[in-house]
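Okay, here's what each chain looks like letter by letter:
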Amino acid sequence: MSAKVPDTPLHRLNAAGQSIWLDFIDRSLLVAGELRKRLVADSLTGMTSNPTIFEKALAEGHAYDEQLAAAPEGSTAWELFELVETSDVRDACDIFRPVYDATNGADGFVSIEVSPGAAHDADATVEEARRLWQTVDRPNVMIKVPGTTEGAKAVRRLIGEGINVNITLLFSLEAHRRVIDAYLAGLEDRAAKGGDLAHVASVASFFVSRVDTEVDKRLDAAIAAAPEERRQALAALKGRAAIANAKLAYRLFRESFHGPRWERLREKGAQYQRPLWASTSTKNPEYRDVIYVEELIGPDTVNTMPPQTLSAFRDHGEVRRTVDVDLEGALRTLAALEDAGVSMQDVTDKLLVDGLASFQKSFDTLILGLEKKALAMGLVTAAR
C-alpha cells in the first residue's frame, strides 16, 4: 500500500500547477537526507543557488574542509569554489533526479550560476556555462545566466547547444521579452541542426519583492513632497508594483508561447520556458509574509522560496489561482505609478545594476574567504 501524500498548502500549491523550488543549498542539507525527505514532505521539485547562498554556506562551520584539503595542489580560490559548488549541485541533481525522470525532463532541476563578472560578455558567459555543464554532468542541472543584453545572446547559443538555462535577474518586461525570444531562437537553431528539443529546458527568473522595495522608497519620497490631498492616493500604491509587474510578465509568457512560431517548436517536443518567481521573501514587515507566493499562483509557473518563506507558506499559505486575475488592475497600478513620477523603466534598470553588484560583492567576499581558509589550512592558493 503506497504512503499517503501529505495535504499541506505546499502540496495544494503544487497541484495548482506551480513547481516549488528551494532557494537555498547547503552541504548538511544534502548529506543528512533532509532534502530527500522534503521532496515528499514539502512537495519540492527543484532548487536554486547563487553566490550569496554559497557565501553563507562556506562561511559557516567546517563542512567543506575535507574536500578543500583534498583539492589538487596549487588550486586557486576560484577553482576551489567551483570544486565545492559543482559537487553540491551534482549531489542535489541526483536527489532531484527521480522528479526529473517522473516528469520526463520537465522539472527536478538544480541551478548553478555563472560568475557575475561575465554578465556583460556573451562569449565569457558561454565558455563558463559550458564548463559548469560539463563539470556537473547531470541532465537536470540548469546554468544560471543574468538577464542582460549580452546574457540573452548567450542564452540563444546555449539553448542551441542543448544546455538548460535559468535566466536570472529579470525585472522588466522588455528583458523578459528578450530572453523569451532568445530561447525560441535557440530552439529554432537546434531544430535546424536536427537536435533534440524535448530535453532542453529553461526558466525565466522574474524577480518580485525587490521591485516593491525600490518603488515604495520612491513613493515615500513622492508622498513627503506631495500636497496633503494627494498623499493618500500615493500611499495606496505602495506594495502593489511588484505583483502587477509579475502578472504582466505572466501575460507576456502566455502570449509568447502561442501561435505558429511556438507550435512549430512544440510539434518537435519543445517545452515552455516557464516563468520562475524569484525574490519572493517579504522584505517589508507590514506586508503579509507570503504575499509574493499567494498572489502569483497559476499553471506553468515556478516559485523558488528561501527556507523561511517556504515554512511560512507551509503553515498558513492560501492557494487559489491569482496570477492572471485582474490584469486590468495591474495595468492601472503601473499607469498610476508613472503618473506619480515613478518610472518603472528606471526602477528595473537600477534593480538589474544593483542585483549584479550584490552578487559580485558576494562572489568577491566568497573568494576572499576561501583564500584565507586555504592559507589557514596550509594550501597554496592565489586569486585568479
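Preceding this paragraph is the structure being described.
Bear in mind that the values here come from a model prediction, so they are computed numbers and not experimental data.

Novice: Can you explain unusual backbone geometry? Please cite residues and give values.
Specialist: Notably, L169 is not glycine yet its phi reads approximately 60°, a positive angle. Mapped onto the secondary structure, L169 falls in strand 5 (residues 165-170). For L169, a relative accessible area of 2% gives the class buried. Of note, D326 is a non-glycine position whose phi angle comes to about 55°, a positive value.

Novice: Give me the lowdown on the pattern of salt bridges, citing residues and values where you can.
Specialist: Tallying each qualifying case throughout the model produces 28 salt bridges. Linking D42 and R314 is a salt bridge whose minimum nitrogen-to-oxygen distance equals 2.9 Å. Taken as a pair, D42 in the loop between helix 3 (34-41) and strand 2 (44-48) and R314 in helix 15 (residues 307-316) lie far apart in primary sequence, 272 residues in all. Judged by its relative accessible area of 3%, D42 is buried. Sharing partners across several salt bridges, the network here consists of E214, K217, R218, D346, K350 and D354.

Novice: A description of helix 12 (residues 241-256) should follow, citing residues and the corresponding values.
Specialist: End to end, helix 12 covers 22 Å across 16 residues, agreeing with the expected 22 Å (1.5 Å per residue, within 8%). Burial of helix 12 is extensive: 13 of the 16 residues sit out of reach of the surface.

Novice: Any chance you could break down the packing of aromatic side chains for me, citing the residues and the numbers?
Specialist: One pair of aromatic rings is described through two measures. These are the centre distance and the angle between the planes. Taken as a whole and judged by the stated rule, the model has twelve aromatic pairs. Between F257 and W262, the ring centres sit 4.9 Å apart and the planes meet at 80°, which makes this aromatic pair edge-to-face. On the basis of relative accessible area, W262 is assigned to the buried category, the value being 2%. Grouped by ring-pair contacts, the aromatic residues Y183, Y250, F253, F257, W262 and Y272 constitute a single cluster. Over the ring of Y272 we find R254; its NZ or CZ atom is 5.8 Å from the centre of that ring.

Novice: Give a description of the environment of L80 that names residues and reports values.
Specialist: Of note, L80 is situated in helix 6 (residues 77-102). Taking C-alpha positions, L80 is 32 Å from Q273, a pair spaced 193 residues apart along the chain.

Novice: Lay out the pairing of strand 8 (residues 301-305) with the relevant residues and their values.
Specialist: Here strand 8 lies mainly inside the structure; five of its five residues are buried. Burial along strand 8 is two-sided: T301, N303 and M305 and V302 and T304, pointing in opposite directions, are all buried. As paired elements, strand 1 (residues 18-23) and strand 8 share five bridges and run parallel to each other. Bridge pairing in strand 8 links I20 to N303. Of the pairings in the sheet, the one linking strand 7 (residues 273-278) to strand 8 comprises two bridges and is parallel in character. Across the sheet, the residue bridging to L276 is V302, located in strand 8.

Novice: I'd like a rundown of the environment of L158, residues and numbers included.
Specialist: Counting through the fold element by element, L158 comes out in helix 8 (residues 149-160). Separated by 33 residues in sequence, L158 and T125 place their C-alpha atoms 9.5 Å apart. In contact with L158, other than residues within four places in its own chain, are V126, A129, V145, I163 and V165.

Novice: Quick one: what's the story with helix 10 (residues 209-225), residue by residue and with numbers?
Specialist: Taking 1.5 Å of rise per residue, the 17 residues of helix 10 would be expected to cover 24 Å, and the 25 Å separating its terminal C-alpha atoms lies within 8% of that figure. Listed in full, the buried residues belonging to helix 10 are S209, V211, D212, E214, V215, D216, L219 and I223. On its buried side, helix 10 packs onto strand 6 (202-207), helix 11 (228-235), helix 12, helix 14 (291-294), helix 16 (327-339) and helix 17 (344-376).

Novice: Kindly report on the environment of A16, identifying the contributing residues and their values.
Specialist: Within the fold, A16 resides in the loop between helix 1 (9-15) and strand 1. Note on A16: relative accessible area 29%, which makes it partly exposed. Between the C-alpha atoms of A16 and G151, which are 135 residues apart in sequence, the distance is 31 Å. Setting aside residues no more than four positions away along its own chain, A16 makes contact with I297, G298, P299 and V319.

Conventions and cut-offs
- Residues numbered from 1 in each chain as written.
- Predicted model: local features only at pLDDT ≥ 70, side-chain atom pairs only at ≥ 80, totals over all residues.
- Heavy atoms only, no water.
- Helix = DSSP H or I, 4+ residues; strand = E, 2+ residues; numbered from the N terminus.
- Buried < 20%, exposed > 50% of the residue type's maximum accessible area, 1.4 Å probe, protein only.
- Salt bridge = Lys/Arg side-chain N within 4 Å of Asp/Glu carboxyl O.
- Expected span 1.5 Å × (residues − 1).
- Phe/Tyr/Trp six-rings, centres within 6.5 Å; stacked < 30°, edge-to-face > 60°.
- Lys NZ or Arg CZ within 6 Å of the ring centre and 35° of its normal.
- Pairing = 2+ DSSP bridges.
- Contact = heavy atoms within 4.5 Å.

The values reported here are purely geometric and, on their own, carry no functional implication.
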